[in-house]
Amino acid sequence: MNTTSPPAALTDVHRPRFHLTAEDTWMNDPNGLIRHNGMWHAFFQNNPHGSTWGNMSWGHAVSEDLANWSNLPVALPFSETELIFSGSIVHDAENTSGLGTPGADGPLVAFYTSAFTQSHPTTPGIQAQSIAFSQDGGATWTFYADNPVLTRDSENFRDPKVFFHRESGRWIMVTVEALDHSVHFHASDDLLAWEPASVFTHPGLDGGIWECPDLLRVPSPDGGEDSWVLVISTNPGGPAGGSGTYSLIGHFDGRRFTTEAPPQPLDLGPDCYAAVSFSGVQGDPVLLGWMNNWAYAEQTPTAPWRSSMTLPRTLHLERAADGTLQVIQHLVIPEEIRTLDLEVQASSAVLAELDAEEPFRLRGELPTASAHRLVLRFGDGGRDRDLVLAIDSEGHVSLDRSSAHEEPFAPEHTHSQPYASARAEGAVAFDLVVDRSCVDLELDGGRALISQQIFPGARTVTVLTEPAA
Ligand code: FRU
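So, here is what we can say about the structure in this document.

Cut-offs used in this document
Residues numbered from 1 in each chain as written. Predicted model: local features only at pLDDT ≥ 70, side-chain atom pairs only at ≥ 80, totals over all residues. Heavy atoms only, no water. Near = heavy atom within 4 Å. Polar contact = N/O pair within 3.5 Å; in protein donor to acceptor, adjacent residues only side chain to side chain. Areas by Shrake-Rupley, 256 points an atom, 1.4 Å probe, with all protein chains shown as cover. Helix = DSSP H or I, 4+ residues; strand = E, 2+ residues; numbered from the N terminus. Phe/Tyr/Trp six-rings, centres within 6.5 Å; stacked < 30°, edge-to-face > 60°. Buried < 20%, exposed > 50% of the residue type's maximum accessible area, 1.4 Å probe, protein only. Lys NZ or Arg CZ within 6 Å of the ring centre and 35° of its normal.

**Describing the site of the ligand**
Neighbouring the ligand are Asn28, Asp29, Gln45, Trp53, Met56, Phe85, Ser86, Arg158, Asp159, Glu211, Tyr273 and Trp294. A distance of 3.1 Å separates an oxygen atom of the ligand from a polar atom in the side chain of asparagine 28. In this structure, an oxygen atom belonging to the ligand sits 2.8 Å away from a side-chain N or O atom of glutamate 211. Here the ligand, which alone exposes 320 Å², has 95% of that area covered by the protein. Within the residue set of the shell around the ligand, elements represented by two or more residues are β1 (26-36), β5 (82-91) and β10 (157-165).

Pasting the structure below:
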């Protein structure tokens, strides 16, 4: 596959190296994530003509290792009558759709939402689910002639995530009616004709519209039947204000998802939205989120590119001491990142001086005995800009970016939701990756993740500890 040149040299101070960005345009949700023929494909909501939302199309990037990405040409372009909203891709290995060439490997089939514009001749303003397919491993795409394949004559029916359910031998499509706070399940034998299977809603997630659902099959920690995790993004209503993503652990019988567990934030930070999983992965799911927040997404101080993805994360389930299942996530951290193991003490000390232009990773443990802070002090002689990882006397850990920026940024979204650690364990492990403006934090062996953007615009950083004021 021919790739266009990788993002030109890292000429600007905010551009991350290992977090996927569009080369010089706007990005939102990850779309069509799939591992296929040894390659990781990430498509994404893209405005091919600008640095703010609009002209929605699917951008495309590929990676061999989930760390180094190459941008490819736009895969699914918008038209005057149709915007290409979020969705997913499956490999139709058996050519159940008949869209492939007989005798050849089955096609990749992309499901996306046709957001018909006011110029559409018959269904202006309607959102319905449509198909495009590729017979060359994702390089080129053909829009299906009989689109859309599923409509409810609704203006807010979107974000199809499709997977094959092996027990029932059928394809399942998961979508939302965004304003109704409901997830709609449909089933199909051939990816073309879809019948309603069930509708799910939950009173615990009423903070905003529902978007970008995903249903993950997750191996059980006890070796029994697989569990299922429903992922839903809400805007607003996120754990750190603005938009955010939640998970619900439950069961899926091929038609209906049921749960008795309360929704849990998938990420405690402000900057993880529309997180969905890669198709074509066996075992623990691998997810990618959009590292931004609809509360301020169009104001981030980067140009002409705007927004990135989070680092990928794997998700699995653990049985907690009280017998309930708990989501555990691990960041997929690029091997080539500089790593420092820190000895954090609850006293004042300078631990390291680093070049802030190169991505770095800090690992250690925060003692829970007293309140203190790990400070990343960015600066080149001017005003200090601090990113603060703080633990209070109750063992609550939070990431505070209130004074981490060169210019004022998102003053109403300065802190992650605090993570309540078990103080009795004596320390909370942290694993913190800073890739210029992108910060991903794993806490307590994956019991919590925090994604935050920062815009310090500095070339050096001093890492220090200090007792809490
Ligand atoms: C979520 C979302 C989706 C929609 C897409 C449009 O961020 O609003 O529901 O498909 O973005 O860009």
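**What to know about the packing of aromatic side chains**
This model, assessed by the stated rule, comprises 18 aromatic pairs. Here tryptophan 26 and tryptophan 294 contribute two aromatic rings whose centre-to-centre distance is 6.0 Å and whose plane-to-plane angle is 35 degrees, an arrangement assigned as tilted. Of this pair, tryptophan 26 sits in strand β1 while tryptophan 294 sits in the loop between β20 (286-290) and β21 (313-319), placing them 268 residues apart in sequence. For tryptophan 26, a relative accessible area of 0% corresponds to the buried category. Among the residues examined, tryptophan 294 registers a relative accessible area of 26% and is labelled partly exposed. Geometrically, the ring pair formed by phenylalanine 43 and tryptophan 58 is tilted, given 5.8 Å between the ring centres and 45 degrees between the ring planes. Taken as a pair, phenylalanine 43 in strand β2 (residues 39-47) and tryptophan 58 in strand β3 (residues 57-63) lie far apart in primary sequence, 15 residues in all. Looking at phenylalanine 43, the relative accessible area reads 1%, which means it is buried. The class of tryptophan 58 is buried, set by a relative accessible area of 0%. Through a chain of ring-to-ring contacts, three or more aromatic side chains come together here, namely Trp26, Tyr273, Trp290 and Trp294. Above the face of the phenylalanine 157 ring, arginine 152 is positioned so that its terminal group lies 5.7 Å from the ring centre.

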